[in-house]
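# Topology and contacts: notes
Spelled out, the chains give:
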Amino acid sequence: MTRRYGAVTAVDRVSLDVGPGEFVTLLGPSGCGKTTLLKCIAGFLAPSEGEVVLRAEVINDVLPHLRNIGIVFQHYALFPHMTVADNIAFGLRMRKRPRAEIGRRVAEMLQLVKLGGFGGRYPHELSGGQQQRVALARVLAVEPVLLLLDEPFGALDKKLRVEMQLEVKQLITPLRMTTIFVTHDQEEAMRMSDRVAVMNAGRIIQCDAPAAIYDRPRDLFVADFIGNSNLLDAKLLGAGGDGLRVVAAGVELELPRDAGASGAGEAVVMVRPENLTVTAAAPPDRPAWTGVVAFALHTGPVMEYEVVVADTWRLRVSRPRAQAGGGRGWQEGDRVAVSVLDLEAVRVFPAR
Amino acid sequence: MTRGGGGRGLSRRWTRHLRLWQLVLPASLFLAVYFAVPLVMLFWWSFHAPGVAGLTLANFGKLLTDAFFLQTLWLSVRLSLEVTAVTLVLGFPLAYLYTRLGPVWRVSILFITLLPLLTSAVVRSFAWIVILGKQGLINAALVASGLVDAPVKLLFTLDGVRIALAQVQLPFMLLPLINAMEQLDPSLEKAAVSLGASQAKAFFRVTVPLSAPGVVAGAILSFALTISAFITPAMVGGGSFIVMPTLIYQSAIVTLDWAIASTTAFILLAVALLVVWGGMAIARRYRYGPAGA
Amino acid sequence: MSAETAAPSAVGSVGVGRTRGRLGHAAFWTVMWTLGLGALLYLLLPTLIIVFASFTASDYIAFPPQGLSFRWFVKLWGFEEVRASAGRSLLVALAATALSVVLGVAAAFPLVRSRFPGREGLNAFLMSPLILPSLVYGLAALMFVSAIGVPLSVPVLVLSHVAVIVPYVIRTTAASLMLLDPHLEEAAMSLGADAWNTFLRVVLPNLVPGIATGGAFAFISSFDNLTVSLFLAGPRIETLPIRLFAMINFDLDPAAAAISAVLVILALAVVLLAHWAIGLTRIARF
């Protein structure tokens, strides 16, 4: 499906298949088209090309209020002039359910989100987290065929966010509700999703389970966007023995054959900071870079080092403090050697 | 720190003694003397009748028992309510469209709204005289389309004044409405639609109730200004009927009966204030806390 | 893309009532657009019509005008009374605007920046001429002036205009001041500018658009004003709106349409200035 605004293509030939009960996240920087894609699914925007198919039916020409898709908005969009109970009952009233059923269902929903007894309150009397739960209850009350969540935790502080992520997952999973979640926060995406679709400039670059996205990013953008990574210019030396030979920042590495690129030529090597280790001298069995520690940061559970190697490359290394042998870490100015722990986790990409 | 030279030092010396709040004094004193005092005087006049010593309600008695006066008062109130209702019906859709359209439309709408506001009331009323006349645009269109056989008398009638006044007051209804509707969270309507409300239902159940404060603000302004409008009813109505402002003008300038003039003005203000107060009471009933989370 | 759910009791299916939905949708928007465009036309037409009618080549007013020419504008210039009253209006408006700007700009500062008891009330008081019917004010002012024994004159008229137009200046200046980033002044002072310099070089230049717009609104309100002038101009002073009023009550003359067109163009200039200085969308929020 494609969606254009005049000369700008906001969503470019995107194709996405979401299975029943799946939790898929659209992840990407702002402006990547994820919100536009969401609006097209919801029916607030029409695709310029392509189709939206729901339960094997093409719904391009179905008006948004008939799609039975539940949406939770970034700022919850609770109706301020209605009580919590009326908010939750809204969808049911629109479907003209009998009053008794509505009452029952509202009570059910309030129990589900642990807000029993809050029915008579107004949205502005509730905290952010409580409003979030009412928004969910409102949407789940009508048993939609699809749930869309548009950066719903954006307005919450970090601790609350993590709590709500868990809560929402706990609510949705037993219902086996098919969900599409939009966020720019990768941790959130990784934590909650069955699959993550990484988007950039209107296209889906990779759509895979979180582990696959992290361990085997398909291209440089995904590698750079997800987690932290060291990107080194390298040269492919062609296949040799069992694997791929690569020279990165002056050190030759032998990587598994499926590490990414192939053949010969310019490339970029990606190593994650937690996949590197710092030693006083180069270990005898592994290739290593030598350099000087530029800074050493103590960030809670990990020590982060930046080591300058080959005079130009700055390698970020991240080591858990528990392992640092008695809390002593390396310090600025130390001459050290940096080596890769697990060559299988190293990726190579063709140069841009 | 830079240090000023001789002349600068002098001005800085007295600016140091100048407190910021004192800057509001010139305007306040001016308005107190030239705005508030005359109004107080006006009220004072309405409680004093010629030939009667001291404060008296004689003026009020004279007017409020006069059938013609009461008729005029009722006409003014009725006319203003009708005009306000029309401006609401026309203004609401336009304000709604404003919130849904892009910047070019918005500027154009504001342009078309502000231009008449800054044009003299004389000019606007004159335009309506031309349009409502027997050879005016409306009659020309009616006759040409065959809806009527002969030109309809619109000028110098109450209907004509209604039509003209509604256009003159429309900007005053529109601007507060636009202000109020702009502050509504746009995802509220989307939320209603996603829950199964058609566009119309979402509009009536979500947008309209939440725009109530804007409606009240616009209605209050529109009513207060319409009931005290002098020029348009005078020009477009001709001599065929009188509204309160006309009475005030006549008694002040023509018959020079200032007691009556001031009393009429007082009653006019009182009625307008009553409606404003009533409007604000209604507005308070519809206060929903921060609209739009 | 496709999605399916295995939720056991899904309420309703997708897409029921498609056509009825589309009809309702279309009907809603047709009504909205009709009323909306209708309102726009309603707002715009009278002004356009009178401007067009002024270009008539004939001796009487009609729309559409019979033939187009500038002759009435030319004739206008020849009318002694029209020129005199226009000049009078200009003088009054300029004087009233100047005075309003001085009073209004000064007043705006404490209203925005200071905290003093009764600030809200004072603000309401200073804005009250905007909502008080000018008819009532005109009468009150006339009574006041004759009670204290001052004869009607141009200065008296000017002062009465000031009373009704100064709120415009206060409002736009205050709004501009509120939009001004206070960090700008702090930055200037931390770089060594004293209060006076900061005011002259940092604050004032940023307020000029707001003051200019307020001044323009004030000017045109004075120039256009009829109601207050009718009370306070007396038999000997004539402003342009008064002249126009008399002309129209006497006879429907294309000359009157020409004067009207000039006033409309003046209003147009003010709206364009306001848009260029501040932007119409921001002004609407003032």
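As the structure is a prediction and not an experimental result, all values here were calculated from the model. What you see as residue numbers is a count from 1 along each chain, following the sequence as written. The order in which chains are written sets their letters, starting at A; the order in which ligands are written sets their numbers, starting at 1. Reporting of local features is limited, given that this is a predicted model, to residues whose pLDDT is at least 70; pairs of side-chain atoms are given and counted only at 80 or more, and all residues count toward the totals for whole chains, interfaces and linings. By convention in this description, side-chain values take in all heavy atoms of the structure and omit both hydrogens and water.

### Focus on the interface of chain C and chain B
Often, the extent of an interface is quoted as the loss of accessible area upon association of its parts. As a reminder, the rule being used: Residues count as neighbours in contact if any of their non-hydrogen atoms are within 4.5 Å of one another. Reported buried area values correspond to the accessible surface (1.4 Å probe) lost by two parts on association, with both partners' losses combined. Just to be clear on terms, a salt bridge is a Lys or Arg side-chain nitrogen sitting within 4 Å of an Asp or Glu carboxyl oxygen.
On the side of chain B, 88 residues touch chain C, which itself brings 86 residues to the contact. Carbon and sulfur atoms supply 84% of the area buried between chain C and chain B, which totals about 8100 Å² over both sides. Interface area lost by chain C to chain B is led by C:Tyr42, C:Leu43 and C:Met143, which between them contribute 10%. Here chain C and chain B share zero salt bridges between them.

### Quick notes on the sheet that holds strand β17 (residues 288-299) of chain A
Two pairing modes exist for strands in a sheet, parallel and antiparallel, and in both the strands are linked by backbone hydrogen bonds. Residue and element names in this part refer to chain A. Stated precisely, the cut-off is as follows: What makes two strands pair is DSSP finding at least two bridges between them. Numbering of helices and strands runs from the N terminus; a helix is a DSSP stretch of H or I covering at least four residues, while a strand is a stretch of E covering at least two. Only the stretch in contact is used when a helix axis is fitted, and all axes are lines through C-alpha atoms; the angle between N-to-C directions ranges over 0 to 180 degrees.
The sheet built from five strands is open, its strands ordered β16-β20-β17-β18-β19 with antiparallel pairing. Each edge of the open sheet is held by one strand with a lone partner, namely β16 (276-279) and β19 (313-320). Averaged over all pairs of adjacent strands, the angle between strand axes in this sheet comes to 45°, irrespective of strand direction. In this sheet, strand β18 (residues 302-309) lies alongside β17 in antiparallel orientation, the contact comprising eight bridges.

### Describing a nonpolar patch on the surface
Selection rule: Within the patch definition used here, like charges are joined within 9 Å and nonpolar side chains (Val, Leu, Ile, Met, Phe, Trp, Tyr) within 5 Å, considering only residues with over 30% relative accessible area and no salt bridge. Per-residue and other accessible areas were derived by the Shrake-Rupley procedure at a 1.4 Å probe size, with only the shown protein chains allowed to occlude residues.
A surface patch of nonpolar side chains, amounting to about 350 Å² of accessible area, comprises C:Leu41, C:Leu45, C:Leu48 and C:Phe52. Within the element layout of this structure, C:Phe52 appears in helix α1 (residues 18-53).

### Observations regarding the domain arrangement of chain B
All names here are of chain B. What counts, and what does not: All domain edges in this entry derive from an automatic or database-based domain assignment.
What the domain assignment reports for chain B is domain 1 (1-46) and domain 2 (59-288). Between domain 1 and domain 2, the residue contacts involve four residues of the former and nine residues of the latter. Between domain 1 and domain 2 lies a buried interface of about 560 Å² when both sides are counted; carbon and sulfur atoms form 75% of it. Scanning the region where domain 1 abuts domain 2 turns up zero salt bridges.

### A few points about the packing of helix α2 (residues 25-46) of chain B against helix α6 (residues 154-179) of chain C
Worth spelling out the cut-off: Put simply, angles under 35 degrees are roughly parallel, angles over 145 are roughly antiparallel, angles from 65 to 115 are roughly perpendicular, and the rest are oblique. Left-handed is the label given to a crossing in which the near helix is rotated counterclockwise from the far helix by less than a right angle, and right-handed is the label when the rotation is clockwise. Nonpolar residues are Ala, Val, Leu, Ile, Met, Phe, Trp, Tyr, Cys and Pro. Charged residues are Asp, Glu, Lys and Arg, and all others, Gly as well, are polar.
At a minimum axis separation of 10 Å, α2(B) and α6(C) run at an interaxial angle of 115°. Classified by the interaxial angle, the pair formed by α2(B) and α6(C) is roughly perpendicular. Our pair here, α2(B) against α6(C), has a crossing hand that is left-handed. In contact with B:Phe30, B:Leu31 and B:Tyr34 of α2(B), α6(C) contributes C:Val156, C:Leu159, C:Ser160, C:Val162, C:Ala163 and C:Val166. A breakdown of the residues in the contact of α2(B) with α6(C) according to their chemical character gives eight nonpolar, one polar and no charged.

### Description of the pairing of strand β14 (residues 251-256) of chain A
All names here are of chain A. Pairing of strand β13 (residues 243-248) with β14 involves six bridges; the strand directions are antiparallel. In the strand pairing of β14, arginine 245 is matched with glutamate 254. Counting the residues in the hairpin turn of β13 and β14 gives two residues, including alanine 249, whose phi is positive at 50°.

### Some points on the side chain of A:Thr183
Residue and element names in this part refer to chain A. Which entries qualify depends on this criterion: With a 1.4 Å probe rolled over the protein chains alone, any residue whose accessible area is under 20% of its type maximum counts as buried; one over 50% counts as exposed, and the rest are partly exposed. In protein, a polar contact requires one atom able to donate a hydrogen and another able to accept it; more generally it is a pair of N or O atoms within 3.5 Å, and residues adjacent in sequence count only if both atoms are side-chain atoms.
Its location among the elements puts threonine 183 in strand β9 (residues 179-183). The exposure class assigned to threonine 183 is buried, which follows from its relative accessible area of 1%. From its side chain, threonine 183 meets the backbone nitrogen of aspartate 185 in a polar contact 2.9 Å long. For threonine 183, the residues in contact, after removing those within four places along its chain, are Thr25, Leu26, Leu27, Gly28, Lys34, Glu151, Glu188 and Ala189.

### Regarding the pairing of strand β7 (residues 69-72) of chain A
The side chains of a regular strand alternate between both faces of the sheet. All names here are of chain A. Residue alternation in β7 divides its side chains into two sets, Ile69 and Ile71 and Gly70 and Val72, and both sets are buried. Of the pairings in the sheet, the one linking β7 to strand β8 (residues 146-150) comprises four bridges and is parallel in character. Looking at β8, one finds that isoleucine 69 is bridged to leucine 146.

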